[in-house]
Amino acid sequence: MRLRKATRRVSQIYDRHLEPAGLTITQYGLLANLAGTDETTIGALAEILAMDPTTLTRNLRPLIRQGLVVHEPDRHDRRVRCVSLSAKGREAFENARPLWRAAQNQINTAIGAIETSALHTQLDQVLERLAD
């Protein structure tokens, strides 16, 4: 319960900072992951994010409706769906980046630099140990 409670608090901080950009932390995270690639499949992105594809698709829908994300069949296998950032999505991501950094700075200041680094290390270990 502590981990879930901490996660909610952190999400609330990010959401407050990202609100002027019209994004939630989940949406920003999706845009950030898509910004690092030209195009990816729903399955590959879901694996990177440790999400199931159905949840990922549900989280992508508002971004697709807003024209921030392009959702189309794969060029090689039309049964596979691919997603990528639109030009509007890349612009939204870049505009929201300073807001994300401000949230990150608030969290780092509240936790402390050494503690934040230690927390990142521990969370990486937890993620590795809990992987399927």
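Quick note: structure is the one above.
A. Summary view of the overall build of the protein. Summing up its helical and strand segments, the protein has 6 helices and 3 strands in all. In sequence order, the secondary structure elements of the protein are arranged as α-α-β-α-α-β-β-α-α. Projected onto its principal axes, the C-alpha coordinates of the protein cover approximately 45 × 35 × 25 Å. Residues counted as buried form 26% of the 132 residues belonging to the protein. Accessible surface, the protein as shown: approximately 9100 Å² in total, 53% of it carbon and sulfur. In the protein, which carries 18 positive and 15 negative side-chain charges, the distance between the mean positions of the two groups comes to 7 Å.

B. Summary view of a nonpolar patch on the surface. A grouping of Leu3, Ile111, Leu119 and Leu123 is seen on the molecular surface, where their side chains present a nonpolar patch of about 320 Å² in accessible area. Tracing the sequence through the fold places Leu119 in helix H6 (residues 113-130).

C. Structural view of the environment of Ile107. Structurally, the position occupied by Ile107 is in helix H5 (residues 87-111). Residues Ile107 and Ile13, spaced 94 residues apart in sequence, show a C-alpha to C-alpha distance of 7.9 Å. With residues up to four places along the chain from it excluded, the contact list for Ile107 reads Val10, Ile13 and Tyr14.

D. Seen up close, the environment of Ala131. Assignment of secondary structure puts Ala131 in the segment after H6. Separated by 12 residues in sequence, Ala131 and Leu119 have C-alpha atoms that sit 18 Å apart.

E. Inspection of the nonpolar core at higher detail. Leu31, Leu60, Leu63 and Val69 are the most contacted members of the largest nonpolar core, which has 24 residues in total. Of all the elements in the fold, those that place two or more residues in this core are helix H1 (2-18), helix H2 (25-35), helix H3 (42-49), helix H4 (53-65), strand S3 (81-85) and H5. Beyond its immediate stretch of four places on either side in the chain, Leu63 contacts Leu23, Gln27, Leu30, Leu31, Leu68 and Val69.

F. Local environment of the sheet that holds S3. The strand order across the open sheet built from 3 strands is S1-S3-S2, with neighbouring strands paired in antiparallel fashion. At either margin of the open sheet sits one strand with a lone partner, and together these are strand S1 (40-41) and strand S2 (69-73). Where S2 meets S3, 5 bridges bridge the pair, whose relative direction is antiparallel. Residue Pro73 lies in a different strand from S3, and its bridge partner there is Arg81.

Conventions we followed
- Every chain's residues receive numbers from 1 upward, in the order its sequence appears when written.
- Two thresholds apply to this predicted model, a pLDDT of at least 70 for residue-level local features and 80 or more for giving and counting side-chain atom pairs, whereas whole-chain, interface and lining totals are computed over all residues.
- In computing side-chain properties, one takes all heavy atoms of the structure into account and sets aside hydrogens as well as water.
- Secondary structure elements follow DSSP: runs of H or I no shorter than four residues count as helices, runs of E no shorter than two count as strands, and numbering proceeds from the N terminus.
- In this scheme, a residue with accessible area under 20% of its type's maximum is buried, one over 50% is exposed, and one in between is partly exposed, where area comes from a 1.4 Å probe on protein chains only.
- Residue-level accessible areas treat just the shown protein chains as cover; the underlying method is Shrake-Rupley with a 1.4 Å probe.
- Under the convention used here, Asp and Glu are negative, Lys and Arg are positive, and both His and the chain ends fall outside the count.
- One atom stands in for each charge, and that atom is NZ of Lys, CZ of Arg, CG of Asp or CD of Glu.
- The patches described consist of residues with a relative accessible area above 30% and no salt bridge, like charges being joined within 9 Å and nonpolar side chains (Val, Leu, Ile, Met, Phe, Trp, Tyr) within 5 Å.
- A side-chain nitrogen of Lys or Arg and a carboxyl oxygen of Asp or Glu constitute a salt bridge if their distance falls within 4 Å.
- The contact rule is simple, with two residues in contact once any of their heavy atoms fall within 4.5 Å.
- Among the buried residues, those of types Ala, Val, Leu, Ile, Met, Phe, Trp, Tyr and Cys that are joined through side-chain atoms within 4.5 Å form a nonpolar core.
- Pairing between strands is defined by DSSP: at least two bridges between the two strands are required.

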